[in-house]
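Listed here are the chains, written in short residue letters.
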Amino acid sequence: MREMLKGANIGLAALSDDTGAVVVGLSWSSTAGDGDADVSLLLLDGGGKVRGDADFYFYNHPAAEDGSVQLLGKVPTENGSEDRISLDLTAIPEDVVRIVVAASQDGGARFGDLDDLRMTVTDRSGEPLLGFSITDATVETAFIFGELYRRNQEWKFRAVGQGYETGLAGLATDFGITVEEDDDEQGARQEHGEGGEDVGGREEAGVAAVVPAPRAPVTDVASLAGAAPVSGVAPVSDAAPVSSAAPGTDGADEVVGRRRGTRTAKKKVTLPKATRKSLAENDSWRPARLFPVPSYKSDREREVRATSVLLSVMAEVPEFGRRLTAGFGAPAGRMQTFTEVSLPHGDSPKRPDGVIRTERAGKLWTALVETKTNGNPLKSEQVQNYMDIAARRGYEAVITLSNDVALEGSPLVEVKTDGRRKHKVSLWHLSWAEVAHQAQMLIRHEGVGNAAHAWLLQELLHYLQHENSGCHGFQNMGPAWVPVRNGIDTETLCQGDPRAVEVVESWERLIRQVCLRLGGELGQKALPVQRARRGTDPTSRRAELADRLCEEGRLSAEVRVDGARSILSVTADLRTGKIRTSMDVPAPDGAYPLSVAKRLLRVLEEAPADLHVETLLDGRNGPRGTLERLRPEPGDLLPRDGAAITGFRLSLFKGMGSGRGGAETGFIRSVDDAVDRFYGSVVTHLGQFEQRRPARARQTAEPSVVG
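Residues numbered from 1 in each chain as written. Predicted model: local features only at pLDDT ≥ 70, side-chain atom pairs only at ≥ 80, totals over all residues. Heavy atoms only, no water.

Asks: Explain the overall build of the chain here, please?
Replies: A tally of regular secondary structure across the chain gives 15 helices and 24 strands. Looking at the chain as a whole, 55% of its 707 residues are labelled buried. Here the contacts in the chain between residues at least 6 apart in sequence split such that 73% fall between residues at least 24 apart. Total accessible area on the chain stands at roughly 30,500 Å², and carbon and sulfur atoms take up 48% of it. (Helix = DSSP H or I, 4+ residues; strand = E, 2+ residues; numbered from the N terminus. Buried < 20%, exposed > 50% of the residue type's maximum accessible area, 1.4 Å probe, protein only. Contact = heavy atoms within 4.5 Å. Areas by Shrake-Rupley, 256 points an atom, 1.4 Å probe, with all protein chains shown as cover.)

Asks: Hey, could you run me through the packing of helix α3 (residues 299-316) against helix α4 (residues 318-325) in this one?
Replies: To describe two helices that pack against each other, one gives the angle between their axes and the distance between the axes. Packing of α3 against α4 brings their axes to within 5 Å, and their N-to-C directions diverge by 110°. What the angle tells us is that α3 and α4 run roughly perpendicular. Across from L310, V313, M314 and E316 in α3, the residues of α4 making contact are P318, F320, G321, L324 and T325. Along the lines of polarity and charge, the residues of the contact of α3 with α4 split into six nonpolar, two polar and one charged. (Axes fitted to C-alpha atoms, helices over the stretch in contact; angles between N-to-C directions. Parallel < 35°, antiparallel > 145°, perpendicular 65-115°, else oblique. Nonpolar A, V, L, I, M, F, W, Y, C, P; charged D, E, K, R; others polar.)

Asks: Any chance you could explain the environment of G25 here in plain terms?
Replies: Among the secondary structure elements, G25 is positioned in strand β3 (residues 21-29). Once the C-alpha coordinates of G25 and G73 are considered, the two residues, 48 residues apart in sequence, prove to be 9.8 Å apart. Filtering out sequence-adjacent residues up to four positions away, G25 remains in contact with E82, D83, R84, R118, M119 and T120.

Asks: Would you mind going over the nonpolar core with me for this structure?
Replies: Nonpolar side chains in soluble globular proteins tend to end up buried together. By size, the foremost hydrophobic cluster in this structure holds 63 residues, and its most contacted members are W507, L611, F648 and L650. Of the residues forming this core, the biggest block, ten residues, is contributed by helix α9 (residues 498-522). If near-sequence neighbours (up to four positions away) are discounted, L611 is found in contact with L604, G625, T626, L627, L650, S651, L652, F678 and V682. The next biggest cluster of nonpolar side chains, apart from the first, holds 40 residues, and it includes L271, V317, L324 and V369. (Core = buried A, V, L, I, M, F, W, Y, C linked by side-chain atoms within 4.5 Å.)

Asks: Is there a simple way to explain the packing of aromatic side chains in this structure?
Replies: Given two aromatic rings, one states the distance between the centres and the angle between the planes to describe the pair. By the definition in use, this model includes eight aromatic pairs. Between F328 and W428, the aromatic rings sit 5.0 Å apart at their centres with planes inclined by 20°, giving stacked as the arrangement. Of this pair, F328 sits in the loop between α4 and β13 (334-339) while W428 is found in strand β17 (residues 426-431), placing the two residues 100 residues apart along the sequence. Between W507 and F667, the ring centres sit 6.0 Å apart and the planes meet at 40°, which makes this aromatic pair tilted. Of this pair, W507 sits in helix α9 while F667 sits in helix α13 (residues 667-681), and the two are 160 residues apart along the sequence. Across the pair, F667 and W507 agree in class, each one buried. An aromatic cluster of three or more residues is present, and its members are F56, F58 and Y59. Above the face of the Y149 ring, R158 is positioned so that its terminal group lies 4.2 Å from the ring centre. (Phe/Tyr/Trp six-rings, centres within 6.5 Å; stacked < 30°, edge-to-face > 60°. Lys NZ or Arg CZ within 6 Å of the ring centre and 35° of its normal.)

Asks: Any chance you could explain the packing of helix α6 (residues 432-446) against α9 here in plain terms?
Replies: For the pair α6 and α9, interaxial distance at closest approach is 8 Å and the crossing angle is 10°. Of the possible angle classes, the one that applies to α6 and α9 is roughly parallel. Viewed along their axes, α6 and α9 form a crossing whose handedness is left-handed. Contacts between α6 and α9 pair A433, E434, H437, Q440, M441, R444 and H445 from the former with Q513, L516, R517, G519, G520, E521 and L522 from the latter. Tallied by class, the residues present in the contact of α6 with α9 amount to four nonpolar, six polar and four charged. (Left-handed = near helix turned anticlockwise from the far one by under 90°.)

Asks: So what exactly am I meant to see when it comes to the sheet that holds strand β7 (residues 80-88) here?
Replies: Sheet strands pair via backbone hydrogen bonds, and the direction of the pair is either parallel or antiparallel. Here six strands make up an open sheet; going across it, the order is β1-β10-β9-β3-β7-β6 and the pairing mixed. The sheet terminates laterally at β1 (2-3) and β6 (69-76), the two strands that pair on one side only. (Pairing = 2+ DSSP bridges.)

Asks: Can you walk me through α9 in this structure?
Replies: In an α-helix, one turn spans 3.6 residues; hence positions three or four apart end up facing the same way. Taking 1.5 Å of rise per residue, the 25 residues of α9 would be expected to cover 36 Å, and the 36 Å separating its terminal C-alpha atoms lies within 8% of that figure. Taking burial as the measure, the 25 residues of α9 include 21 buried ones, the bulk of the element. Phi for G523, located one or two positions after α9, is positive at around 80°. (Expected span 1.5 Å × (residues − 1).)

Asks: Even after reading the chapter, I still don't get the pattern of salt bridges, so can you show me in this structure?
Replies: For side chains of opposite charge, pairing can occur when their charged atoms come near one another. One pass over the structure, following the stated rule, counts 32 salt bridges. Across the pair D404 and R509 runs a salt bridge, and its minimum N-O distance is 3.2 Å. Of this pair, D404 sits in the loop between β16 (397-402) and β17 while R509 is found in helix α9, placing the two residues 105 residues apart along the sequence. Connected through salt bridges with shared partners, the residues E408, E508, R512, R541 and R542 form a single ionic network. (Salt bridge = Lys/Arg side-chain N within 4 Å of Asp/Glu carboxyl O.)

Asks: Looking at this model, I keep getting lost on α3. Mind explaining?
Replies: Between the first and last C-alpha of α3 there are 26 Å, a value that for 18 residues agrees with the 26 Å anticipated at 1.5 Å per step. Every buried residue of α3 is listed here: R302, E303, A306, T307, V309, L310, L311, V313 and M314.

Asks: What exactly am I supposed to notice about the confidence of the model for the chain here?
Replies: The predicted coordinates should not be examined in detail at positions where pLDDT is low. Here the chain averages 82 in pLDDT, and 83% of its residues register 70 or above. When the criterion is pLDDT under 50, residues 693-707 qualifies, and its contacts beyond four places in sequence or with other chains add up to 19 contacts. (pLDDT = per-residue confidence, 0-100.)

Asks: How should the environment of S312 be read in this particular structure?
Replies: Looking at the secondary structure, you find S312 in helix α3. Overall, the relative accessible area of 29% leaves S312 in the partly exposed class. Considered as a pair, S312 and F338 are 26 residues apart in the sequence and their alpha carbons are 8.2 Å apart. Not counting chain neighbours up to four residues away, the residues in contact with S312 comprise F291 and T337.

Below, the structure is given as structure tokens:
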């Protein structure tokens, strides 16, 4: 990989023979665990400006209609996070001569607060081509990391490293984007439920809205504000019809915080939030399904069925197929999928579960697919055979698909590659939970091209969530779970026990899956928070967590949801058999303590009576109690010594399942239920408390600025 210095440039063709499609990654870490950033991208013409506002890609405009640009979202890394973009350079319009890659922060955060700021570019096989580290970030709230530009029919990269103190709005305005900022108005409208669409609940003094140009449609994103309580990976309603109108818009053209104007973006189709009344006489009437789920006689039948269902929907719904394959280097083009293809291999042919083939401008991209359902593990020998076949036949990738979740530094299968071969084959993994997450994001939040595509995704989700499909995601804590749990109970588990490391890895996989499911319900990216020290490798980090588990008997994790101000904490105490879900909520500045306490209790009017509320003071904890006790006496939350209140800690406790599996009484189900109950009954009400500022603060706020 070529390391770049600020201001340096290089042609991509000098780094690889295969640069038609690349993946750009922006990564960072934070020892405090509270750092975050959002990637954005601008397509510029020869004059250095966007051709229209639709040339600006960010969290509310994540993909180009032609597939040339696809924001892939954030993923956890060894000790931080990475936000990725897939670019099919062969599909970029000819009048685009520069592609600017940037990132921004909100909520008053600065890039100087982040560690290990870095941009990488990889080719379609996942091979790193170049890297550029930024070490001089200070007070900037937006940063241009680098740019790709055309020179003599070749794409080149330049390391930029230019910062902005004016956030995403200042950066976008410099390149000709029309931006209006009005945070106060936006917050007030969201609090009172006004307006049709919103922009994802972002608090950044940045882009309130972007008016798209006629040539490129923009996806409508469903509002997070006032989201319905989460109830697991809820099956899509059997009776839910597909509507071509965005939920809650009633045909209105206005976007929160934006001037009313002519809508020029093509409408995207999402499922309506309200379920229409069923015409069935009673519950015994089962709706007809496109993909019925029979009682399978063998796991092989289940795998064949699941592969066929998924690949057929990927081929017929371009947005979905592109979403799943863009990060694997597939070009933006026509996709066709196949099952049970016989390919020669030694004395006997091999039959991968599926083949994905994408064609653009006469060039083919091909991936072999190996599928597992239920708890069946991937087999290294089987995957190795497909890697060898792909290498000999000139295919680009092998994709494994199972209920397991891949972790950095802990591969699901071990394969060997022949370094003497010029042709490179990349190995990628998808979990069934990731597939369901992407389908949910499209039909519930971002939208697809037409009603038929939304219906296909709805039927796919129904199939994946059926109890007989075998595609339910991570459902087993592994053979080490019971011995570790018993060892903690009897205080016989010692530090350094490898079984504790296995449990820590399973816990990490479970939390990754919780993030996928929660993010799919909310329409926002949810990621586990990493608080590892700089330079810590995954193996050392997990060994340290395993030793802590042996000593304390607890498994802990934190989850951050995009757009949320506070972090969700999940702790499983194996000694007490309790799961604690909690969140620290900062107190508004400049308000009277008793008014703050009363307002918090009003906001939590519908929260469970057993919710624990604890007052947080500077450097110590204050009074605490349950909602049932505090509701009649809000003053009990105030410290007797008059100390300043910095916030409140809200916690719910639930009994922990003992089994290692995902059964009703299992540990995995109990964690899912605990997160769902806390988010649905507590967190969804906190937006009113966090967003509204006291009157004195509003009076002194600066006037809004139109850029």
